[in-house]
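So the chains spell out like this:
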Amino acid sequence: MSKTLGPAFPKLLFIYNADSGFFSKLTDFAHKAISPATYSCSLCALTHGTFTMKQEWADYIRSLPLEAEFIYRDAWKAGAERMVYPLVALQTAENEVEVLLDAKELNALKSLQELRQALEAALQRHTAS
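Engineer: Is there a simple way to think about the overall build of the chain in this case?
Structural biologist: Of regular secondary structure, the chain possesses five helices and four strands. Residue burial in the chain is summarised as follows: out of 129 residues, 36% are buried. At a minimum sequence separation of 6, the contacts of the chain that also span at least 24 residues come to 63%.

Engineer: Please explain the nonpolar core as it appears in this structure.
Structural biologist: The tendency in soluble globular proteins is for nonpolar side chains to be buried as a group. Core analysis: the biggest nonpolar cluster contains 24 residues, and Leu12, Phe14, Trp57, Leu101, Leu115 and Leu119 have the highest contact counts within it. At the level of secondary structure, the elements contributing two or more residues to this core comprise strand 1 (11-16), helix 2 (42-47), helix 3 (55-63), strand 3 (87-91), strand 4 (97-101) and helix 5 (112-128). When residues in this core are grouped by element, the largest group, six residues, is from helix 5. When sequence neighbours within four positions are dropped, the list of residues in contact with Trp57 reads Phe14, Thr47, Phe70, Leu112, Leu115, Arg116 and Leu119. Membership of the second largest hydrophobic core comes to eight residues, among which are Leu13, Tyr85, Leu87 and Ala89.

Engineer: Is there a simple way to explain the side chain of Asn17 in this structure?
Structural biologist: Along the polypeptide, Asn17 turns up in the loop between strand 1 and helix 1 (22-34). Among the polar contacts listed, one links the side chain of Asn17 to the side chain of Arg73, at a separation of 2.3 Å.

Engineer: Can you help me understand the sheet that holds strand 4 in this one?
Structural biologist: What holds strands together in a sheet is hydrogen bonding between their backbones, with the strands either parallel or antiparallel. The sheet built from four strands is open, its strands ordered 2-1-3-4 with mixed pairing. Here the strands that pair on one side only, and so sit at the sheet edges, are strand 2 (67-72) and strand 4. In this sheet, neighbouring strand axes are inclined to one another by 30° on average, regardless of whether the strands run parallel or antiparallel. With four bridges joining them, strand 3 and strand 4 adopt antiparallel strand pairing. Looking at the pairing, Ala89 lines up with Val99 of strand 4. This element, helix 5, spans strand 1, strand 3 and strand 4 of the sheet and lies at about 140° to strand 4.

What counts and how
- Residues numbered from 1 in each chain as written.
- Predicted model: local features only at pLDDT ≥ 70, side-chain atom pairs only at ≥ 80, totals over all residues.
- Heavy atoms only, no water.
- Helix = DSSP H or I, 4+ residues; strand = E, 2+ residues; numbered from the N terminus.
- Buried < 20%, exposed > 50% of the residue type's maximum accessible area, 1.4 Å probe, protein only.
- Contact = heavy atoms within 4.5 Å.
- Core = buried A, V, L, I, M, F, W, Y, C linked by side-chain atoms within 4.5 Å.
- Polar contact = N/O pair within 3.5 Å; in protein donor to acceptor, adjacent residues only side chain to side chain.
- Pairing = 2+ DSSP bridges.
- Axes fitted to C-alpha atoms, helices over the stretch in contact; angles between N-to-C directions.

Below you can see the structure in the form of C-alpha cells.
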C-alpha cells in the first residue's frame, strides 16, 4: 500500500510585486525592457531575465533543502491586506507564515549574490530561533 505525501513543510514562498494574467505579464515585460531601473518588483528584477527565470537562480533554488513556491501578489491570500510586496516567507505545516525578507530588504539588494546571502542569513536566523 502506497502512502500519499502532502506538500513538504516548511516551504519557501517567493511572493512577487506583480500580478498574474496575460496583460500584467505583457506590461511587466515592457517595463523591464524600457525602464528596468523603475520596475516595481525587485525580486523579479533580481531573479528573472526578460523572459524567464535566470538559470543561476533556478539552480540555486533546486539546491535548497526546502520546497519553493513562486506566487504573484494577486494569487496570494494569507494576510494579503497587511503585507507589502515583494517578500520571501517561510510557511509551516500549521499554515503559519513568517516573513524572512521583506520588501525593504529585497529592494536594497543589488545582485543575485546579495539575494542568496540575505536568504541564507535569514534561514540561519530562523533555524537558530
